[in-house]
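Chain residues, written in single-letter form:
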Amino acid sequence: EDKVVQSPLSLVVHEGDTVTLNCSYEVTNFRSLLWYKQEKKAPTFLFMLTSSGIEKKSGRLSSILDKKELFSILNITATQTGDSAIYLCAVESYNQGGKLIFGQGTELSVKP
Amino acid sequence: IAGITQAPTSQILAAGRRMTLRCTQDMRHNAMYWYRQDLGLGLRLIHYSNTAGTTGKGEVPDGYSVSRANTDDFPLTLASAVPSQTSVYFCASSPTGISTGELFFGEGSRLTVL
């Protein structure tokens, strides 16, 4: 059965800290891995990763995929209170016709 | 503003009642999805549609039905609501039937079944 597991489930840090969120997966016929940020309501897209070892970067956020070890990490440097959110990892499989399988999410709280 | 509109935003419903959650998109996306989000379980796919006129079952389809009469609308119906269907429901869409990966989400509908 395909599955996606995120860790930790929740995390509290102080502004300026660097955090690393983890996502491991077991999926047949992997196609891509995606990260989303969910604040109050709708998740918003952050990154899509398809190749191992190639870092995607957007400002203070970056992500990398390891297809051999079947995991991805999302790094946030110099955290700000606005980074407080649930971060969702999802995997797309060719077997699933393009549908996404989501992990449980990591709830990040950044304190002033 | 282009995007996905869900209605209602929230609803309290008595068990046994029928309920339809509405979802409309104006991006002309082919594929649409319904997810439910529960604490500790993440987002789970209920039903999907790769193109108008077709639908398919996701991970947790029991107790739910969908229709896709046209490109824009993808309503989710609970024929006889039960308390375990208390959740936040998200409608999403993507440009192609075989997803490019990125989903565009609506703002969610919070449903409480008593």
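Residues numbered from 1 in each chain as written. Chains lettered and ligands numbered in written order. Predicted model: local features only at pLDDT ≥ 70, side-chain atom pairs only at ≥ 80, totals over all residues. Heavy atoms only, no water.

Peer 1: How would you sum up the overall build of chain B? Please name residues and give values.
Peer 2: Tallying secondary structure elements over chain B gives 0 helices and 11 strands in all. The linear arrangement of helices and strands in chain B, starting from the amino end, is β-β-β-β-β-β-β-β-β-β-β. With the C-alpha coordinates aligned to their principal axes, the bounding extent of chain B is approximately 35 × 30 × 30 Å. Put simply, chain B has 114 residues, and 51% of those count as buried. When the accessible surface of chain B is summed, it comes to about 5200 Å², and 53% of that surface belongs to carbon and sulfur atoms. Charged side chains of chain B number 9 positive and 8 negative; the gap between the two group centres comes to 9 Å. (Helix = DSSP H or I, 4+ residues; strand = E, 2+ residues; numbered from the N terminus. Buried < 20%, exposed > 50% of the residue type's maximum accessible area, 1.4 Å probe, protein only. Areas by Shrake-Rupley, 256 points an atom, 1.4 Å probe, with all protein chains shown as cover. Lys, Arg positive; Asp, Glu negative; His and termini not counted. Charge placed at Lys NZ, Arg CZ, Asp CG, Glu CD.)

Peer 1: Please provide a residue-by-residue account of the nonpolar core, values included.
Peer 2: Grouped together as the largest cluster of nonpolar side chains are 23 residues, with contacts concentrated most on Val4(A), Tyr25(A), Leu33(A), Trp35(A), Tyr87(A), Val91(A) and Leu108(A). Every element with two or more residues in this core is listed here: strand E3 (19-26), strand E4 (30-38), strand E5 (43-49), strand E7 (61-66), strand E8 (71-76), strand E9 (85-93) and strand E11 (106-111) of chain A. Setting aside its immediate chain neighbours within four residues, Tyr87(A) contacts Gln6(A), Leu21(A), Tyr36(A), Lys37(A), Leu46(A), Leu74(A), Ile76(A), Gly105(A), Thr106(A) and Leu108(A). Listed in part, the 19 residues of the second largest apolar core include Leu21(B), Tyr64(B), Phe74(B) and Leu76(B). (Core = buried A, V, L, I, M, F, W, Y, C linked by side-chain atoms within 4.5 Å. Contact = heavy atoms within 4.5 Å.)

Peer 1: Tell me what's going on with the packing of aromatic side chains, and back it up with residues and numbers.
Peer 2: Counted by the stated rule, this structure contains 10 aromatic pairs over all chains. For the ring pair Phe102(A) and Tyr35(B), a centre distance of 5.3 Å and an interplane angle of 85° mean the geometry is edge-to-face. Pair noted here: Phe102(A) is in strand E10 (residues 100-102) and Tyr35(B) is in strand E4 (residues 31-38), and the two residues belong to different chains. The class for Phe102(A) is buried, based on a relative accessible area of 7%. The class for Tyr35(B) is buried, based on a relative accessible area of 0%. (Phe/Tyr/Trp six-rings, centres within 6.5 Å; stacked < 30°, edge-to-face > 60°.)

Peer 1: Can you break down the interface of chain A and chain B residue by residue, with the values?
Peer 2: Across the contact, 18 residues belong to chain A and 21 residues belong to chain B. Taken together, both faces of the contact between chain A and chain B bury some 1600 Å²; the carbon and sulfur share is 59%. Of all residues in chain A, the largest losses of buried area upon contact with chain B belong to Lys41(A), Lys99(A) and Phe102(A), amounting jointly to 31% of the total for that side. Where chain A meets chain B, there are 0 salt bridges. (Buried area = accessible area lost by both parts, 1.4 Å probe. Salt bridge = Lys/Arg side-chain N within 4 Å of Asp/Glu carboxyl O.)

Peer 1: Can you explain the sheet that holds strand E6 (residues 56-58) of chain A? Please cite residues and give values.
Peer 2: Residue and element names in this part refer to chain A. In space, the 5 strands of this open sheet follow the order E1-E3-E8-E7-E6, with antiparallel pairing throughout. At either end of the open sheet lies a strand with only one pairing partner, and these are strand E1 (3-7) and E6. Taken pair by pair, the neighbouring strands of this sheet meet at an average axis angle of 15°, ignoring direction. Inspection of the sheet shows E7 paired to E8 by 6 bridges, in the antiparallel sense. Each residue of the ladder has a partner; that of Leu-65, found in E8, is Ser-72. (Pairing = 2+ DSSP bridges. Axes fitted to C-alpha atoms, helices over the stretch in contact; angles between N-to-C directions.)

Peer 1: Pulling in residues and values, what's your account of the state of the cysteines?
Peer 2: All names here are of chain A. Applying the stated criterion to the full structure yields 2 disulfides over all chains. With a sulfur-sulfur separation of 1.9 Å, Cys-23 is cross-linked through a disulfide to Cys-89. Disulfide Cys-23-Cys-89: the torsion about the S-S bond is -70°, which places it as left-handed. Here Cys-89 lies in strand E9 and Cys-23 lies in strand E3, a separation of 66 residues in the sequence. Judged by its relative accessible area of 1%, Cys-23 falls in the buried class. (Disulfide = S-S within 2.5 Å.)

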